[in-house]
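Working through the structure, step by step
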Amino acid sequence: MKKVRRRCKNPDCREWFNPAFQNQTWCSAECGTVIALAKREKDRQKSIQEAERRRREETQQEKRHTKIRKLALQPLSHFHKQAQSAFNEYIRTRDSGNPCISCGRNTGAKMNAGHYRTVGASKETRYDETNCHLQCEHCNSYLSGNIGEYKPRLITKIGQEAFDRLVGPHTLKKWTREELQELAAHYRQKTRELIKQRGEAA
Ligand SMILES: [Zn+2]
Ligand SMILES: [Zn+2]
């Protein structure tokens, strides 16, 4: 073996030396100890960091699992509530600035998303965009939707054909939790996009 001079890896030494074997990086036994201890400390720190990272990952995974378990225990109505709330927010955003679909007034008071065919009476059309429009609190809550006034303005807005389809028969979809979560996400996304579009147009 051709011997090549090396510099000691001990940062406090850095002396030139003639290595006795291939992997020798220290000039003396003392420097060998310093280097070995430094390496041991570095490995120890690394394993501590690794353990911390694993613990954090496990905690996060546990949180995710708890959330999934909690959701699995929720009744289907919980997911309908979430989806309906996202859908209604989209309707309010879509119709924002419009007058009430029933009384035609724009009072500046609180406006709701009002279903023409009510959710209670027609589950089939609760997520039908032609069935839900901006409505004032008065018509929505106190006049139970003010349906008599709703109808002519609804026909004007969506057209006779869409109206006939809306009041016609619909099949009742059997929703799963996952589908309702997707529906809620879909409407949250639609609302965000609408707000973004308007922000760009303004
Ligand atoms: Zn040395
Ligand atoms: Zn009204």
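To keep things clear, this report deals only with the structure shown in the data block. Keep in mind it's a predicted model, so treat the numbers as computed, not measured.

**So, the coordination of the zinc ion (ligand 1)**
- Every protein donor of the zinc ion (ligand 1) is listed here as Cys8 (SG), Cys13 (SG), Cys27 (SG) and Cys31 (SG), and their distances to the metal cover 2.2 to 2.4 Å.
- Around the zinc ion (ligand 1), the 4 donor atoms are arranged such that angles at the metal cover 102 to 117°; this shape is classified as tetrahedral.
- Between consecutive donor residues of the zinc ion (ligand 1), the sequence gaps follow C-x4-C-x13-C-x3-C. In this pair, Cys8 sits in the loop between β1 (6-7) and β2 (16-17) while Cys27 sits in the loop between β2 and α1 (29-73), placing the two residues 19 residues apart along the sequence.
- For Cys27, a relative accessible area of 30% translates into the label partly exposed.

**Some remarks on helix α5 (residues 160-167)**
- Three or more residues of α5 are buried, namely Ala162, Phe163 and Leu166. Buried residues of α5, viewed axially, fall in a sector of 100°; they line one side.

**Focus on the coordination of the zinc ion (ligand 2)**
- Coordination of the zinc ion (ligand 2) by the protein comes from Cys100 (SG), Cys103 (SG), Cys136 (SG) and Cys139 (SG), over a distance range of 2.3 Å.
- Given 4 donor atoms and angles of 104 to 114° at the metal, the environment of the zinc ion (ligand 2) is assigned as tetrahedral.
- For Cys100, a relative accessible area of 1% gives the class buried.
- Using a relative accessible area of 4% as the deciding quantity, one classes Cys136 as buried.

Conventions adopted
- Residues numbered from 1 in each chain as written.
- Chains lettered and ligands numbered in written order.
- Predicted model: local features only at pLDDT ≥ 70, side-chain atom pairs only at ≥ 80, totals over all residues.
- Heavy atoms only, no water.
- Donors = N, O, S within 2.8 Å, 3.2 Å for Na, K, Ca; no water.
- Tetrahedral: all angles 85-135°; square planar, octahedral: opposite > 155°, others 65-115°.
- Helix = DSSP H or I, 4+ residues; strand = E, 2+ residues; numbered from the N terminus.
- Buried < 20%, exposed > 50% of the residue type's maximum accessible area, 1.4 Å probe, protein only.
- Arc of directions from axis to C-beta.

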